[in-house]
Every structure is written in structure tokens, then in C-alpha cells.
Amino acid sequence: DAGITQSPRHKVTETGTPVTLRCHQTENHRYMYWYRQDPGHGLRLIHYSYGVKDTDKGEVSDGYSVSRSKTEDFLLTLESATSSQTSVYFCAISESRLARTNEQFFGPGTRLTVL
Amino acid sequence: QKEVEQNSGPLSVPEGAIASLNCTYSDRGSQSFFWYRQYSGKSPELIMFIYSNGDKEDGRFTAQLNKASQYVSLLIRDSQPSDSATYLCAVTDAGGTSYGKLTFGQGTILTVHP
């Protein structure tokens, strides 16, 4: 298994509180991604990073921010959690941006519930 | 808005049969196509990728790509109960600055019954 961990694995929080999810990798891969998964929607990209301090928005970035100060860590912050952000969040990593070789490896996921 | 659509499920097949999973995509410039398997409560894992027109075989799995029709499929031969999972089709963005981003379909739930 690719060396990817996510923390926490489960979290319950209240509406309006800030929440930070952490993704940590030991593979030294350059590219990192945050997805959310909801029934009927597959995986949707929230934000991604193509290097330390280099990040950009994905398909569903509203209400989320990210930071990457080290190659191995990619943080996802919900600035003020809402019930619509209740979801399972997956981090993924990749060592190549080339379309033909871009295999993404996924972390175990974080189940977030916003009450 | 790039779209990836998978055949609606759930799909149920008997053990030993061929399971056929289909996926269409909207961006004609998409270059590579991936099939991920996701067991309930687990993270997705890559089982196949394809980028050239035609068939690609790996054990019991065959991926088929038709870029003219913007269609990719996954065939699972001799289906086993352990193949029961959600199968996700994913497509890379076209272009040199895509940074490897993937667009996923909504997934198809496959159940293989003994």
C-alpha cells in the first residue's frame, strides 16, 4: 500500500466550527489531491497541489481551503463547517502529471459529520 | 463542465458470468482512462488503465476504449463474489497543465451472487 495516512479518520463537529483534515504521505510524490465522496456523485475534486505552496481549486472548492508547507503534508480546512459538507473525504497522491502515467493512490478516508 | 457518466446500477450477475461496466465521457481531448474498484467502506484502488484505442487485458479484466465514440468499458470475466464492489470510471483532463487531475463517474455497484 502507498504510504498515505489521513487524520482524523472520523470526526463529528457542529455547524459553524472550523475543521482541519490532514493528509500525510511517505512516498515523496509531488501531486496531492483532496476529494469528497457523496452517494450518487462518485468522487469530486476539492483542491489539489502540484508542489510545496502550489495549490489550485477543483470542481467543488467553495467553503474549503488548503495548505501545503511540506511535500508530505496536505491540509484541508473547512473554514466554517456546514451540514452540506458532511461527507467522506479522500486524499490521493500521484508522482506524475503526465496523463498516461498518472496513477493516483488513495488514503483511507475521513468520515466527517457536521451536525 | 467535463462529464463522465457510468451505466446506472446496481448491476447483478451470477457467479461465473461476464460483468460489463460502461462509461462515456464528454471531453474529446481526454487522454487516459482509469477503472477503480472500491469495496464498501474502503478507499478506491486502481485495477486498470488504458490510453490507446482497442482492448487491454489483465487477467480476468479487459478494458476497452473507443475514442471516436467517447466510450470506455470494463469487462470482468468469470465474475466472483469477491468482485462485488463499486466500480469507478475516471478520465484525465486534457492539456499540459492538467496536473494529473481526474474526473470521476458516479460509480456502478456490482453484485456477484453465488
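As a starting point, this report considers the structure included with it.

About the cut-offs
Residues numbered from 1 in each chain as written. Chains lettered and ligands numbered in written order. Predicted model: local features only at pLDDT ≥ 70, side-chain atom pairs only at ≥ 80, totals over all residues. Heavy atoms only, no water. Helix = DSSP H or I, 4+ residues; strand = E, 2+ residues; numbered from the N terminus. Polar contact = N/O pair within 3.5 Å; in protein donor to acceptor, adjacent residues only side chain to side chain. Disulfide = S-S within 2.5 Å. Buried < 20%, exposed > 50% of the residue type's maximum accessible area, 1.4 Å probe, protein only. Contact = heavy atoms within 4.5 Å. Buried area = accessible area lost by both parts, 1.4 Å probe. Nonpolar A, V, L, I, M, F, W, Y, C, P; charged D, E, K, R; others polar. Pairing = 2+ DSSP bridges.

All names here are of chain B. Looking at the element boundaries, serine 30 is found in the loop between strand 3 (19-25) and strand 4 (33-38). At a separation of 3.0 Å, a polar atom in the side chain of serine 30 contacts the main-chain carbonyl oxygen of aspartate 27. From its side chain, serine 30 meets the backbone oxygen of threonine 92 in a polar contact 3.5 Å long.

For the rest of this paragraph, the subject is the state of the cysteines. Residues and elements named next belong to chain A. Summed over all chains, the structure comprises two disulfides over all chains. Bridging cysteine 23 to cysteine 91, the disulfide has an S-S length of 1.9 Å. As the torsion about the S-S bond is roughly -70°, the cysteine 23-cysteine 91 disulfide counts as left-handed. Of the two residues, cysteine 23 sits in strand 3 (residues 19-25) while cysteine 91 sits in strand 9 (residues 87-94), which places them 68 residues apart along the sequence.

Peptide bonds are trans in most cases, and residues, glycine excluded, mostly fall at negative phi. Residue and element names in this part refer to chain A. Proline 8 follows serine 7 through a cis peptide bond whose omega is -10°. The topology assignment puts proline 8 in the loop between strand 1 (4-7) and strand 2 (10-13). With a phi angle near 65°, lysine 53 is a residue other than glycine that sits in the positive phi range. Within the fold, lysine 53 resides in the loop between strand 5 (42-51) and strand 6 (54-57). On the accessibility criterion, lysine 53 (65% relative accessible area) is exposed.

Contacts between chain A and chain B engage 22 residues on the former and 24 residues on the latter. In total, about 2,000 Å² of surface goes out of reach between chain A and chain B, with carbon and sulfur atoms giving 56% of it. In this structure, the connection of chain A to chain B is made through three residue pairs in polar contact (both at pLDDT 80 or more). Contributing elements (two or more residues each) for the side of chain A that touches chain B: strand 4 (31-38) and strand 5 of chain A. Sort the elements by how many residues they give to the side of chain A that touches chain B and strand 5 of chain A lands first, with five residues. Partitioned by chemical class, the residues of the side of chain A that touches chain B number eleven nonpolar, seven polar and four charged.

The subject of this paragraph is the environment of glycine 107 of chain B. Residues and elements named next belong to chain B. Checked against the element boundaries, glycine 107 lands in the loop between strand 10 (102-104) and strand 11 (108-113). Here glycine 107 falls in the buried class, since its relative accessible area comes to 14%. Sequence separation between glycine 107 and cysteine 23 is 84 residues, and the spatial gap between their C-alpha atoms is 9.3 Å. Those residues in contact with glycine 107 that sit more than four places away from it in its chain are Gln6, Thr86, Tyr87 and Leu88.

It is worth spelling out the pairing of strand 8 (residues 73-78) of chain A at this point. All names here are of chain A. In this structure, strand 3 lies alongside strand 8, joined through six bridges in antiparallel fashion. If you follow cysteine 23 over to strand 8, its bridge partner there is phenylalanine 74. Pairing of strand 7 (residues 64-70) with strand 8 involves five bridges; the strand directions are antiparallel. Each bridged residue has a counterpart across the sheet, and for tyrosine 64 the counterpart in strand 8 is leucine 78. Remark: two residues form the turn of the hairpin made by strand 7 and strand 8, two consecutive strands paired antiparallel.

This part covers the environment of arginine 30 of chain A. All names here are of chain A. Structurally, arginine 30 can be placed in the loop between strand 3 and strand 4. Residues arginine 30 and tyrosine 50, 20 residues apart in the sequence, show an inter-C-alpha distance of 6.0 Å. Those residues in contact with arginine 30, other than ones at most four positions away along the chain, are Ser49, Tyr50, Gly51, Arg68, Ser94 and Glu95. Within the local environment of arginine 30, its side chain forms a polar contact with the backbone oxygen of tyrosine 50, the two atoms lying 2.6 Å apart.

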